[in-house]
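Architecture at a glance
This is what each chain is made of:
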Amino acid sequence: MRQVKAVKITKENFAPYGSYCEMLQPDGYPLCGEIHKFYPDRLTGTSVGTIAFSPITVKKDERIIKAQEYHTTTWEGIVPLDDDMIIHVAPASAGVPVPELAEAFIVPKGCMVKLNAAIWHLCPLPANNDELHAIIVLPECIYANDCTVVDFEEKDWFQIV
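From a predicted model like this one, the values you see are computed outputs, not experimental measurements.

What follows covers the overall build of the protein chain. Assigned secondary structure in the protein chain consists of 2 helices and 16 strands. Relative to the 2.2 N^0.38 estimate, which gives 15 Å for 161 residues, the radius of gyration of the protein chain is 16 Å and therefore close to what a compact globule would have. When its C-alpha atoms are laid out on the principal axes, the protein chain stretches across 60 × 35 × 30 Å. Residues classed as buried in the protein chain amount to 40% of the 161 residues present. Excluding contacts between residues fewer than 6 apart, the proportion of contacts in the protein chain whose partners are at least 24 apart in sequence is 82%. When the accessible surface of the protein chain is split by element, carbon and sulfur atoms take 54% of a total near 9,000 Å².

Structure below.
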């Protein structure tokens, strides 16, 4: 089985798939008040309709990836809350899965990742803990009308190490 090594996310290595912001330690100049620092617009994404924030809990397993999904009309945001997360992605490919092109990234907790539309992915994985709690940001009900999940043939499964 092919192994994909999870690497630390950087702006350069993640650029083909989207963008991210370390929400606990944002870059750039803040707008400051007496008791606050506000870092506006660190990630942006256009949406038609209502944005939903959905909690997800993921248990640690052997990290064997047997499927991926994509959304054709929207980006997706993911924020790990209590552990670093591992995400696996593959380039947009007009609906034909490309597991042989999959890459995996280690994302620090508190860092929001924005996946571009049509990027192959699945749920985030816990890097260290037995369970990961995260927030998924998507347009309301997109999982019901724009979420294509493809199960891989066993020969295309890969393991994240």
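So, about a nonpolar patch on the surface. Where nonpolar side chains cluster on the molecular surface, the patch consists of Tyr 29, Leu 31 and Phe 38 and spans about 390 Å² of accessible area. Counting through the fold element by element, Leu 31 comes out in strand β4 (residues 31–32). According to the relative accessible area criterion, Leu 31 is partly exposed, its value standing at 47%.

Rules and cut-offs
Residues numbered from 1 in each chain as written. Predicted model: local features only at pLDDT ≥ 70, side-chain atom pairs only at ≥ 80, totals over all residues. Heavy atoms only, no water. Helix = DSSP H or I, 4+ residues; strand = E, 2+ residues; numbered from the N terminus. Rg over C-alpha atoms; globule rule 2.2 N^0.38 Å. Buried < 20%, exposed > 50% of the residue type's maximum accessible area, 1.4 Å probe, protein only. Contact = heavy atoms within 4.5 Å. Areas by Shrake-Rupley, 256 points an atom, 1.4 Å probe, with all protein chains shown as cover. Patch = residues over 30% accessible without salt bridge, like charges linked within 9 Å, V, L, I, M, F, W, Y side chains within 5 Å. Salt bridge = Lys/Arg side-chain N within 4 Å of Asp/Glu carboxyl O.

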